[in-house]
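# Geometric and topological summary
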Amino acid sequence: MDILEITSIIGTIAFSFSGALVAIEEKYDLLGIAVLGFVTAFGGGALRNLILGLSMDIFWSQTTLFYVSFATIGIVYLFPKRLSSMKMLELISDAIGLAAFSIQGALYGLGINGHIGPVIMAALLTGTGGGLIRDLLAGKKPSVLCAEIYGSWSILIAIALYVYRPTHSLVYLFIIVLTVLLRVVGLTYDWNLPKSKFNKHDDDNSRPTLKIDL
């Protein structure tokens, strides 16, 4: 298997697992668990194909990965109590999916025209798109937009692959492991991108109001 196949399998299992766990935590039924697990695994790739103008045949030709996804979701559904109680497992599976699909997306971007823009965009969409859809369907704030430096890992992976163009599979596996470790460290020490200091409630107290008498 080439690296695209390896990262596709790893990412599909990890994100299907992550999406199904979130659905169980939100008390979704069997259909909801299946849908959330499936879109977490394949939503990012579908967004990437649509925005970058790639053929949707790439999406529909993933029959084996569809089976892998539903098998993973089935395992989570059969053992919900044991798996949903392991929060670290959910975090790690999400980090693995993020790294694996960011690599996959970056490789697709390199195949488009070799410029860094499409590489970063493809990595970001593939790595975070599924999690974005998952969080929206689960009624949560998307992690990529507000939590720690989630999306930044996709960008860093894209830049690394653009600069170094590794050819050995072990390098890609090392990137996945390193991303998982860095994400755990980032959560432990609360690494975040800078946020606005604007506080709506404070601002509302000091802002003059316009009153119009009719």
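Computed from a predicted model, the values in this text were never measured in an experiment.

What counts as what
- Residues numbered from 1 in each chain as written.
- Predicted model: local features only at pLDDT ≥ 70, side-chain atom pairs only at ≥ 80, totals over all residues.
- Heavy atoms only, no water.
- Core = buried A, V, L, I, M, F, W, Y, C linked by side-chain atoms within 4.5 Å.
- Buried < 20%, exposed > 50% of the residue type's maximum accessible area, 1.4 Å probe, protein only.
- Helix = DSSP H or I, 4+ residues; strand = E, 2+ residues; numbered from the N terminus.
- Contact = heavy atoms within 4.5 Å.
- Expected span 1.5 Å × (residues − 1).
- Arc of directions from axis to C-beta.
- Salt bridge = Lys/Arg side-chain N within 4 Å of Asp/Glu carboxyl O.

### Observations regarding the nonpolar core
- Ile103, Ala106, Ile157, Leu161 and Tyr172 are the most contacted members of the largest nonpolar core, which totals 14 residues.
- Those elements that provide at least two residues to this core are helix H6 (87-112), helix H7 (116-137), helix H9 (150-164) and helix H10 (169-188).
- The dominant element in this core, judged by the number of residues it contributes, is H6, at five residues.
- Excluding residues within four positions of it along the chain, Ile157 makes contact with Ala99, Ser102, Ile103, Ile175 and Thr179.

### Some remarks on helix H4 (residues 63-78)
- Under the 1.5 Å per step criterion, the end-to-end length of H4 is 23 Å for 16 residues, consistent within 8% with the ideal 22 Å.
- Every buried residue of H4 is accounted for by Leu65, Phe66, Ser69, Thr72, Ile73 and Val76. Taken end-on, H4 shows its buried residues confined to a sector of 130°, consistent with a single buried face. Turned more than 90 degrees from where H4 packs its buried face, Thr64, Tyr67 and Leu78 sit exposed.

### Topic: the pattern of salt bridges
- According to the stated counting rule, one finds three salt bridges in the structure shown.
- Two residues, Asp94 and Arg134, come together in a salt bridge whose shortest N-O distance is 2.8 Å. Here Arg134 lies in helix H7 and Asp94 lies in helix H6, a separation of 40 residues in the sequence.
- Here Arg134 and Asp135 are joined by a salt bridge, their closest N and O atoms 3.1 Å apart. Here the two residues Arg134 and Asp135 agree in accessibility, since each one is buried.

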